[in-house]
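As a plain string of letters, each chain reads:
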Amino acid sequence: MAKETLITACPRDCQDCCSLEVEVQDGKIIRVDGDKNHPITQGFACPRGRAYPELIYHSDRILKPLRKKEGEWEEISWQEAMDLIEEKLRKYMNAYGPESIFQYHYSGSESITKKITIRLFDRLGTTGVSGDLCMQAGVSAQQYDFGGLEQSDLEDLVNAGGCVVWGRNVKVTHPHALPFIREGRGKGMKLATINPLSTGIEDNSDLIIRPKPGTDAALALGAANYLIQKNLIDQDFIFEHVYGFPAFRDAVEEFTLEKTSEITGVDQDKIVELALFFKNNSPVTTLLGYGLTRYRGGGNIIRAIDALSAITGNIGKPGAGVSYCSDRFWFLSKHLQGETNPYRRYLDMADLARGILEADNPPIKMGFINAANPVVNVPDTEEMKKALQSLDFLVVVDLFLTDTAKEADLVLPCTSFFEEEGVRVSSWSPWVYYCPKIIDSPGEVKSDEEIMIELAQRLGVKDFPWLNRNELIEWATEPLEKLGVTLDQLREKGHTLPPEHKSVAWEGLKFKTPSRRIELFSHKAKEEGNSPIATYLAPLAENYDFPYQLISAHSQYRIHSQFQVTPYIAKLNPEPRVIINPEIALAKGLEEEDLATIFNDRGQMTARVKIDNRIRPGVIQVESGWNVGSGGCVNSLLQTQKTEMGDCGALYDVKADIQKKE
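Definitions and limits used
Residues numbered from 1 in each chain as written. Predicted model: local features only at pLDDT ≥ 70, side-chain atom pairs only at ≥ 80, totals over all residues. Heavy atoms only, no water. Helix = DSSP H or I, 4+ residues; strand = E, 2+ residues; numbered from the N terminus. Rg over C-alpha atoms; globule rule 2.2 N^0.38 Å. Buried < 20%, exposed > 50% of the residue type's maximum accessible area, 1.4 Å probe, protein only. Lys, Arg positive; Asp, Glu negative; His and termini not counted. Charge placed at Lys NZ, Arg CZ, Asp CG, Glu CD. Core = buried A, V, L, I, M, F, W, Y, C linked by side-chain atoms within 4.5 Å. 1 Å grid on protein atoms, 1.4 Å probe; cavity = no way out; pocket = protein on both sides within 12 Å on 5 of 7 lines; lining within 4 Å. Points joined across faces, edges and corners; volume = space filled by probe spheres on them. Nonpolar A, V, L, I, M, F, W, Y, C, P; charged D, E, K, R; others polar. Pairing = 2+ DSSP bridges. Phe/Tyr/Trp six-rings, centres within 6.5 Å; stacked < 30°, edge-to-face > 60°. Lys NZ or Arg CZ within 6 Å of the ring centre and 35° of its normal. Salt bridge = Lys/Arg side-chain N within 4 Å of Asp/Glu carboxyl O. Contact = heavy atoms within 4.5 Å. Polar contact = N/O pair within 3.5 Å; in protein donor to acceptor, adjacent residues only side chain to side chain.

### Brief notes about the overall build of the protein
Next up, step 1: Along the backbone of the protein there are 23 helices and 26 strands.
Next up, step 2: Radius of gyration (C-alpha) of the protein: 25 Å, near the 26 Å computed for a compact globule of 662 residues.
Next up, step 3: Here the C-alpha coordinates of the protein stretch approximately 75 × 60 × 55 Å along the principal axes.
Next up, step 4: Out of the 662 residues belonging to the protein, those deemed buried represent 62%.
Next up, step 5: For the protein, the distance from the average position of its 74 positive side-chain charges to the average position of its 95 negative side-chain charges is 1 Å.

### Focus on the nonpolar core
Next up, step 1: Counting residues in each nonpolar core, the largest one holds 123 residues, and the members touching the most others are F102, Y104, W166, F248, I356 and I658.
Next up, step 2: Among the elements that line this core, the one with the most residues is helix α8 (residues 216-229), at ten residues.
Next up, step 3: Formed by 71 residues, the second largest nonpolar core is a distinct cluster that contains C18, M366, V397 and V423.

### Things to note about the layout of surface pockets
Next up, step 1: As a volume, the largest pocket reaches approximately 1600 Å³.
Next up, step 2: Take the lining of the largest pocket: its biggest share by element is six residues, from helix α14 (residues 330-337).
Next up, step 3: Across the lining of the largest pocket, the residue classes tally to 17 nonpolar, 17 polar and 13 charged.

### Here's the deal with the pairing of strand β8 (residues 162-166)
Next up, step 1: Among the five residues of β8, five are classified as buried, and the element is accordingly described as predominantly covered.
Next up, step 2: Going residue by residue along β8, you find G162, V164 and W166 tucked away on one face and C163 and V165 tucked away on the opposite face as well.
Next up, step 3: Pairing of β8 with strand β9 (residues 190-194), which is carried by five bridges, proceeds in the parallel orientation. The residue bridging W166 from the neighbouring strand is I194, located in β9.
Next up, step 4: For β8 and strand β12 (residues 284-288), the ladder comprises five bridges, and the chain directions are parallel. Each residue of the ladder has a partner; that of V164, found in β12, is T286.

### A word on the pairing of strand β2 (residues 19-25)
Next up, step 1: Judged by how many residues are buried, β2 sits mostly within the fold: six of seven residues are covered.
Next up, step 2: As paired strands, strand β1 (residues 4-9) and β2 are joined by six bridges and run antiparallel to one another. Within the sheet, the bridge partner assigned to T5 lies in β2 and is E23.
Next up, step 3: Pairing between β2 and strand β3 (residues 28-34): six bridges, direction antiparallel. If you follow E21 over to β3, its bridge partner there is D33.
Next up, step 4: Linkage of β2 to β3, two consecutive antiparallel strands, is achieved through a turn of two residues, within which D26 is found at a positive phi near 55 degrees.

### A few points about the packing of aromatic side chains
Next up, step 1: All chains considered together, the criterion is met by 16 aromatic pairs.
Next up, step 2: Look at Y52 and F418: their rings are 5.3 Å apart centre to centre, the planes differ by 85 degrees, and that puts the pair in the edge-to-face class. Of this pair, Y52 sits in helix α2 (residues 52-56) while F418 is found in the loop between β17 (410-413) and β18 (422-426), placing the two residues 366 residues apart along the sequence. Here Y52 matches F418 in class, with each residue buried.
Next up, step 3: Through successive ring pairs, a cluster of aromatic residues spans Y52, F417, F418 and F563.
Next up, step 4: Over the aromatic face of F331 sits the side chain of K482, whose NZ or CZ is 4.1 Å from the ring centroid.
Next up, step 5: For the cation-ring pair, R558 lies above W626, with the distance from its terminal atom to the ring centre recorded as 4.6 Å.

### Side note on the pattern of salt bridges
Next up, step 1: Taken as a whole, this structure holds 42 salt bridges when the rule is applied.
Next up, step 2: In this structure, D206 and R185 form a salt bridge, with 2.5 Å as the shortest nitrogen-oxygen distance. With a gap of 21 residues between them, D206 in the loop between β9 and β10 (207-209) and R185 in helix α7 (residues 178-186) connect regions that are remote in the sequence.
Next up, step 3: Of the residues examined, D206 reaches a relative accessible area of 40% and is grouped as partly exposed.
Next up, step 4: Of the residues examined, R185 reaches a relative accessible area of 28% and is grouped as partly exposed.
Next up, step 5: R491 is paired through a salt bridge with E474; the nearest N and O atoms lie 3.1 Å apart. One end of the pair, R491, is in helix α20 (residues 487-493); the other, E474, is in helix α19 (residues 469-476), and 17 residues separate them in sequence.
Next up, step 6: A relative accessible area of 30% places R491 in the partly exposed class.
Next up, step 7: Given a relative accessible area of 33%, E474 falls into the partly exposed group.
Next up, step 8: One connected set of salt bridges, linked through shared partners, spans D83, E86, R90, K446, E454 and R458.

### Things to note about the environment of T193
Next up, step 1: Its location among the elements puts T193 in strand β9.
Next up, step 2: Taking relative accessible area as the criterion, T193 reaches 1% and is therefore assigned buried.
Next up, step 3: With 52 residues separating them along the chain, T193 and A141 place their C-alpha atoms 22 Å apart.
Next up, step 4: With near-sequence residues (within four places) excluded, T193 lies in contact with V165, T199, I201, S205, L207, I208 and I209.
Next up, step 5: Polar side-chain contacts of T193 include one of 2.7 Å to the side chain of S205.

Structural data, given as structure tokens:
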């Protein structure tokens, strides 16, 4: 049979949101790669994208519902599985009330109908999970500063006179930005890299700064103060478009070059270079990474960088802006979830294990988890396992027996995005992506949406009117019409750029704050208990006795804990790695390829040593997302602590030690 090539989009929690070419023969996917005709993907897919065929056809994929019986898994029918879930839900709701059941959904798959799980359990009145593990501190920060979130298209990057890659490892987490950075460089764009870790773009950078982890707010405020003192700011822009500058000016006076250098570990001349980079290379685009927000003061870090860009006029024009994410499509989630229950109880995601174990009146008796693997991805792995084991009954929906699924009493097998129709939007892309059903589902797997619709029908849930998945997609995509996009159009033409799309963030300089300006002084922040002006909060890790800062960065080979199961990824990334500076290696008697133990008072992990003189001394870098069986699950060492705003996990505000494994 002839081969057929279809176009879809990757639904993973990733900045690139790739358009994918899928080659199919005899009803089977034989190749996945980047869409050659898409302006961002340009024919390139990362290793994870190319590993998709191995993932969906993997021999370990669950194809039938599994029930744990006396510690062993047995296959059961869907009728038995759904009867059991209904029985348990009714039992605990009747005996203890709906809040005795907790539901957890995160970012395992990001097509727009997946969060229907949240709507179902909200209507049931169960306990939910609030907060974030990734980016919410920065979201709160930019809502204070701009009143919302916008970012310019990647294509606009070539208009920049300077690009600051601040806390973002584009080669790992945003590789499709690299061609636009290279094109900009070819036009004379200057490049600055600010990161305590090695990012692989240093050789092409004009300015390299490696601050102490978590001190970036002080660095930005020190650079801002230097520009103010030297009268090198954009006075006209500030007068027209900035609110609260006098208060900001007074607040940052304390960040002298000497003090800023002492806090950040960055030489004074480098701080001056950074300040002048924003002044002399305008328009400047700043690409922010989410690692910046994984410290106690993560939100203030983003606010400080926003302020530095504002006082130099590097916002709201081609080639300029502070790129974090965009809220342009968030109205779709609000539409899907509808009017939420104001009385619902919530557990804190960053401290989920303790929340489950200590819940009272009523205690948590049952859990329902989909699109998430909290044992590996939530702080304190051992405590998380203990919390799940404390439940009377746990249901997990997944493709594989993840570390979380292994703790379940019932596991439901779900479809991959190749086996269902979907629509995908992203906080990092202006495109609306269409994902057609490409292959039939294997075994007896069902989509998350089908499972939720059936449960709603069984339980008589009101405000859940859809009879099937197709009806749900039709309804969920209706709000796209206000952007000039319809589901019929997507089905006919595929991926679509909305007609009213703006390629430059805050073009026209119309901000959504109360003052309609960029707010360096935010009354809203003050009302919510935060500093009204960007400030520096010392990392919590400074109070810990262990010697080295531990950063659990994302991997280019996985999205959180996904993909490691595939042979292709296992070959590229066979075991956990720890990256250290030669100074740590010398102090600890470690050599390249030694097996090392990384440990603190919370737990330990094992990883193979890689020595890199570009990583900042005093920092240990490991990869997040390794499963428990690998010995490299870093979440065993992470503290259950939060950022100052946004209820985000302060996952990098941790210290540890390292030694050669005996």
